[in-house]
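# Tertiary structure, described
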Amino acid sequence: MANVVLNDVRKTYPGGVDAIKGINFEVGDGQFCVLVGPSGCGKSTLLRMVAGLETITGGTIDIGGRVVNEIEPADRDIAMVFQNYALYPHMTVYNNMAYGLRNRGMPKPEIDTRVREAAQILEITPMLDRKPRQLSGGQRQRVAMGRAIVRQPKVFLFDEPLSNLDAKLRIAMRVEIRKLQRRLKTTSIYVTHDQLEAMTLADILVVMNGGVVEQIGKPLDIYRKPATTFVASFIGAPPMNLLPVNTNNLGGLLDALQIKIPGDAILGVRPEDFAIAGAAQGGLALELMVDAIERVGAETFVYGTRAHDHGGSTVSARPGELPPGEIIVRLPGEAAPAIGERIKVSAARDKLHLFSADGRSRLPG
Ligand SMILES: Nc1ncnc2c1ncn2[C@@H]1O[C@H](COP(=O)(O)OP(=O)(O)OP(=O)(O)O)[C@@H](O)[C@H]1O
Ligand SMILES: [Mg+2]
């Protein structure tokens, strides 16, 4: 087992793309770290640098107290599971798992013990003699995991290992991966663009954007106190409502709540923190005109426009944020207002988030 420490890690690809612009974090021994962020933010690049599959332009990567910048992938004591985990089609499941160990010259009895143990953990013992084409997608994914497990590495690296599976299987495998990691206690770094996967798997969550880290922390701490509007809209679904505020529009409302805003700012409210009015006393109350409703069974999403919004805002929405005026409210159960109806919604004072006008920092509020 080992910890992994990244110290001012940088990557510039030949051709000049600055994919990683100075990243620092530590994954403790036995921890499950998830790197999450939108497409192109540098997740795979960073993971491949830890694996040794990409050269490091600047900074250091340390695995188990040893700087590995110049160490070959095979000597880093890591095992990687990719999205496209090509299994050898002509080999049995057993041989797919044994192959890497044989290449390292491990004695046969030891290989046999490791393969059978991994197969048992992954519940694929009955399939050891089958070829990959005789397996379901989920079973193939387990074999790919098995190949990593038999190595008994210091660190597991996962790059979107579940993205080829259908929605139901993804959830099942997500739970399995977490159970497996708890059992093996192997330090893991897991890349995904799926915020739900990130929230549910991570001990420590690293939210990336454009080659830098936006926020690092425990998933629920990040959910409760996002450091930027980017994180606020990336973690949590539907995304947090972000309303440009200034003294001309919602300023009066915030004043009444004793929230001080420095001129322009952005107010955030999670859809699930709104309730049909009456519920939250002393909070933020808004009147909405209902435009659309989505019923998904256990909950209902109500899309509305602020009824008394006269514009006046000088702050425009950033990419990924809601346009001014549009609000999503998430209600438990099936009850919902009608389209065209005017409703009052409110959010408790302690559920309000405040950010600087550029969205780059969280303000006390
Ligand atoms: N071999 C390469 N040469 C040049 N640029 C590259 C190379 N590989 C990736 N990039 C660029 O580096 C940036 C980060 O890419 P990376 O693959 O790490 O993103 P990602 O976060 O894994 O995205 P996704 O979620 O789509 O897999 C992107 O702008 C990408 O175009
Ligand atoms: Mg990627």
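Everything discussed here concerns the structure shown above.
Throughout this document, residue positions are counted from 1 along each chain, in the order its sequence is written. Here chains are named by letter from A upward and ligands by number from 1 upward, in the order in which they appear as written. In view of the model being predicted, local features appear only for residues whose pLDDT reaches at least 70, and side-chain atom pairs are presented and counted only at 80 or more, with totals across whole chains, interfaces and linings using the full set of residues. With hydrogens and water stripped out, all remaining heavy atoms of the structure feed into the side-chain values.

### Considering the sheet that holds strand β10 (residues 212-217)
Stated formally: Only when DSSP finds a minimum of two bridges between them are two strands counted as paired. Per the convention used, a helix needs a DSSP run of H or I reaching at least four residues, while a strand needs a run of E reaching at least two, with both numbered from the N terminus. For every element, the axis is a line fit to its C-alpha atoms; helices are fit only across the contacting stretch, and the angle between N-to-C directions ranges from 0 to 180 degrees. Every residue pair with non-hydrogen atoms within 4.5 Å of one another is taken to be in contact.
The mixed open sheet is built from six strands, whose spatial order is β6-β7-β8-β3-β9-β10. Both outer strands of the open sheet, β6 (78-81) and β10, are each paired with one neighbouring strand and no more. When strand polarity is set aside, the average angle formed by the axes of neighbouring strands in this sheet is 15°. Here helix α1 (residues 43-51) sits on the sheet in contact with β3 (32-36), β6, β7 (155-159), β8 (187-192) and β9 (204-209), set at roughly 150° to β7.

### Thoughts on the nonpolar core
Stated precisely, the cut-off is as follows: For the purposes of this section, nonpolar cores are sets of buried Ala, Val, Leu, Ile, Met, Phe, Trp, Tyr and Cys residues that join through side-chain atoms within 4.5 Å. Relative accessible area decides the class of each residue, using a 1.4 Å probe on protein chains only: under 20% of the type maximum gives buried, over 50% gives exposed, and in between gives partly exposed.
Counting 48 residues, the largest nonpolar core has Leu205 and Ile235 as the members making the most contacts within it. Considering every element that reaches this core, the biggest residue donor is helix α3 (residues 108-122), with six residues. In this structure Ile235 touches Val36, Gln195, Met199, Leu205, Val207, Ile222, Tyr223 and Arg270, once residues within four positions along its chain are discounted. By size, the runner-up hydrophobic cluster in this structure holds 30 residues, among which are Met49, Ile78, Met80 and Met208.

### Section: the pairing of strand β12 (residues 265-269)
Extensive coverage of β12 is indicated by the burial of five of its five residues. The sheet contact formed by strand β11 (residues 241-245) and β12 spans five bridges and is antiparallel. Following the sheet pairing, Leu242 is matched in β12 by Gly268.

### Notes on the side chain of Arg142
Take Arg142: it is sitting in helix α4 (residues 137-149). Given the relative accessible area of 17%, Arg142 is considered buried. Arg142 has contacts with Leu122, Glu123, Ile124, Met173 and Glu176, leaving out every residue within four places of it along the chain.

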